[in-house]
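Examination of the molecular architecture
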Amino acid sequence: QASHDPFGAQAMVFTLLLSQQDDACREQMSALEENGHAALVQEMGRLLPHIRAMDARTKLPLVDLAIPSLRQLSSAQFEAFSQTLQWLIESDHQIDLFEFALQKVVERHLRHHFVPQSRRAPSHHVILPLLPHAQVLISGFAHIGHDQAAATQLAFERGIAQLGELGKKLTLLPFDQCNLPQMNEAIEHLNLATPGLRQRIIFSLAHTVGADGSVTIKEAELLRAFADALDCPIP
């Protein structure tokens, strides 16, 4: 119900980002109230027990339900929403995978709606110059989805195999060379590829995720985030 109107949709998205720790959650809500968001905080308090009772797998789809209502905001309201959203994400001094995925969903489905941007003409038409950036993404996905070294290596190999013979020459990067900021930087380069090449990268990431026959929540959210970032949406 909350997702069906702009006010409720904002409160719902903000509630999804509240800390799971009660003390930190109260601090976040107090800060929002002090900054003139009393009505939103009241609605967030009403929604909080329902949000906390939800299965984690339903949270990102819930954001999708809110998108049509959030598109009804005025430009000024959207900027205020974006600023509050960013503050909530940064208020715990770390960005988890769900927060990262939510940022990408909002960026693709809302920011581009309020601030139309023309996509730059593709400057990459072959896979070769993109391989270092694909290596960062595939390595990151392999590390995030698997704890054992053998499973991580297998996932990486399944991913690079989708890039043909050139891809098979790549090696798994250590995690400190393919963390979220580095993966996000790789996306900036990959976005200059043709649609077919971007789709191929997403296909490789999907094979990396599915190498062990199962997809965890964090893997699904990460795949969704990067697919949105590369403008290759998946269900």
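Just above, that's the structure.
A brief report on the enclosed structure follows. Note that the structure is a prediction, hence the values are computed from the model and not measured.

1. Considerations on the overall build of the chain
Each helix and strand counted, the chain has twelve helices and zero strands in total. Helices and strands in the chain line up, N terminus first, as α-α-α-α-α-α-α-α-α-α-α-α. In terms of overall dimensions, the chain has C-alpha extents of about 60 × 40 × 30 Å along its principal axes. Expressed as a percentage of its 235 residues, the buried residues of the chain come to 48%.

2. With respect to the packing of helix α6 (residues 97-114) against helix α12 (residues 217-229)
Following both chains from N to C, one finds α6 and α12 inclined at 25°, their axes separated by 8 Å at the closest point. It follows that α6 is roughly parallel to α12 by the angle criterion. Taken as a pair, α6 and α12 cross one another with a handedness that is left-handed. For the pair formed by α6 and α12, the contact residues are Leu97, Phe98, Phe100, Ala101, Lys104, Val105, Arg108 and His109 on the first element and Lys218, Glu221, Leu222, Arg224, Ala225, Phe226, Asp228 and Ala229 on the second. Taken together, the residues that form the contact of α6 with α12 break down as nine nonpolar, one polar and six charged.

3. Overview of the environment of Phe156
Mapping Phe156 onto the fold places it in helix α8 (residues 149-160). Put simply, Phe156 and Ile89 are 67 residues apart on the chain and 30 Å apart in space, counted from C-alpha to C-alpha. Setting aside residues no more than four positions away along its own chain, Phe156 makes contact with Gln135, Ile138, Ser139, Ala142, Leu170, Thr171, Leu172 and Thr208.

4. Structural notes on the environment of Ala186
Its location among the elements puts Ala186 in helix α10 (residues 180-190). In this structure, the C-alpha to C-alpha distance between Ala186 and Asp147, residues 39 residues apart in sequence, is 23 Å.

5. Notes on empty space enclosed by the protein
A complete count under the given rule lists one cavity of 30 Å³ or more for this structure. By volume, the largest cavity amounts to about 30 Å³. Along the walls of the largest cavity sit Thr15, Leu16, Leu18, Ser19, Gln20, Leu48, Ile51, Arg52 and Lys59, which together make up its complete lining. Elements supplying a minimum of two residues to the lining of the largest cavity: α1 (6-16) and α3 (38-52). Broken down by element, the residue count for the lining of the largest cavity peaks at three residues, all from α3.

So, how was this worked out
- Residues numbered from 1 in each chain as written.
- Predicted model: local features only at pLDDT ≥ 70, side-chain atom pairs only at ≥ 80, totals over all residues.
- Heavy atoms only, no water.
- Helix = DSSP H or I, 4+ residues; strand = E, 2+ residues; numbered from the N terminus.
- Buried < 20%, exposed > 50% of the residue type's maximum accessible area, 1.4 Å probe, protein only.
- Axes fitted to C-alpha atoms, helices over the stretch in contact; angles between N-to-C directions.
- Parallel < 35°, antiparallel > 145°, perpendicular 65-115°, else oblique.
- Left-handed = near helix turned anticlockwise from the far one by under 90°.
- Contact = heavy atoms within 4.5 Å.
- Nonpolar A, V, L, I, M, F, W, Y, C, P; charged D, E, K, R; others polar.
- 1 Å grid on protein atoms, 1.4 Å probe; cavity = no way out; pocket = protein on both sides within 12 Å on 5 of 7 lines; lining within 4 Å.
- Points joined across faces, edges and corners; volume = space filled by probe spheres on them.

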